[in-house]
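Tertiary structure, described
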2 protein chains.
Amino acid sequence: MPETALALLLVALNVASFAAHALSATQSDTIVAMERTALDRWGKGDPQGYLDIYGPDVTYFDPMQSKRVDGLEAMRALLVPLTGKIKIDRYEMLDPKVQQHGDVSILTFNLVSHGRTPAGEAMVVRWNATAVYARRSGKWQLIHHHWSFTKPGA
Amino acid sequence: MPETALALLLVALNVASFAAHALSATQSDTIVAMERTALDRWGKGDPQGYLDIYGPDVTYFDPMQSKRVDGLEAMRALLVPLTGKIKIDRYEMLDPKVQQHGDVSILTFNLVSHGRTPAGEAMVVRWNATAVYARRSGKWQLIHHHWSFTKPGA
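Residues numbered from 1 in each chain as written. Chains lettered and ligands numbered in written order. Predicted model: local features only at pLDDT ≥ 70, side-chain atom pairs only at ≥ 80, totals over all residues.

Some points on the sheet that holds strand β4 (residues 104–116) of chain B
All names here are of chain B. If you trace the six strands from one edge of the open sheet to the other, you get β2-β1-β6-β5-β4-β3, paired in mixed fashion. Lying at the two open borders of the sheet, with one neighbouring strand each, are β2 (69–70) and β3 (88–101). Against the sheet, helix α3 (residues 72–79) contacts β1 (54–61) and β2, and its axis sits at roughly 60° relative to β1. (Pairing = 2+ DSSP bridges. Helix = DSSP H or I, 4+ residues; strand = E, 2+ residues; numbered from the N terminus. Contact = placed C-beta atoms within 7 Å. Axes fitted to C-alpha atoms, helices over the stretch in contact; angles between N-to-C directions.)

Structure below.
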């Protein structure tokens, strides 16, 4: 009887562990998919994919700004004028990782983007990327975004 | 009687709101103070201040790395050899902001560091900084750190 109880306990623990792992994998997949969807649109010259998922309190860094950009309205003012001006043919999202803490997911990755200059010349850019997502009323919002060049001096 | 009850309710709500605000301000102050303490040590050539507060699962970007650095052991291997090699005379932490979501605090700021080259020449560097802290068993750990140059092309 103790052996049976132990066996049942082990089965239960395995099921619980599998369920936790599956849940966790699903949450990571959701976050990565959200970022990819917005990035795909961005690469076609459409910033609305990101604007749709930014929270009202989003904070943002990229290498073209002289300081942090704060809030959705400021992001709209920054990104809407770029509509139609970005052209990324393809990208590789390298080793995406999601660190989960309750209702916050921190997605980090390196990105190699194969794009074109306004003159149509091929241009490869290597990026470091941080995207922090927070879940509010069951919906994930992107609340912090930090893009920087990988080894800009190299 | 209803007026008295309403008045008491309003007082109670004000007290609760004040308490929540005070708690929130304190939490922001704690996070900013942790970062400043580690940064002060870093500027004196001592990376141990950061190594003491990094979580085991820390992820890290800076402009000198060719990709994301993962985990405390990798950070130790990266930073310990820099002991005694960094000299920052002073810095300005510009407009630090803490976004709080449960047990996660996202600290962002711009930094102007006034340091010296190995040859002793004055050097001013402008940074974008993201530091994500997670509270575990009541203790804050730095679990993601992203340093980049502000307008590196400028």
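Considerations on the environment of A:Gly120
All names here are of chain A. Positionally, Gly 120 belongs in the loop between β4 (104–116) and β5 (122–136). Exposure remark for Gly 120: the 8 C-beta atoms within 10 Å place this residue in the exposed category. Counting along the chain gives 30 residues from Gly 120 to Thr 150, while the straight-line C-alpha distance between them is 23 Å. (Buried ≥ 20, exposed ≤ 12 C-beta atoms within 10 Å, placed from the backbone.)

Side note on the interface of chain A and chain B
Contacts between the two partners involve 31 residues from chain A and, on the opposite side, 31 residues from chain B. Among the secondary structure elements, those contributing two or more residues to the side of chain A that touches chain B are β1 (54–61), β3 (88–101), β4, β5 and β6 (139–149) of chain A. Its residues assigned to classes, the side of chain A that touches chain B shows 11 nonpolar, 13 polar and seven charged. (Nonpolar A, V, L, I, M, F, W, Y, C, P; charged D, E, K, R; others polar.)

Some words on the relation of the copies chain A and chain B
Once chain A has been moved 0.1 Å along the axis and rotated by 180°, it coincides with chain B to within an RMSD of 0.2 Å. Interpreted geometrically, this transformation is the action of a two-fold axis. When C-alpha positions in chain A are compared against the rotation axis, the closest is assigned to A:Ser148, at 3.0 Å. (Least-squares fit on C-alpha atoms with pLDDT ≥ 70 in both.)

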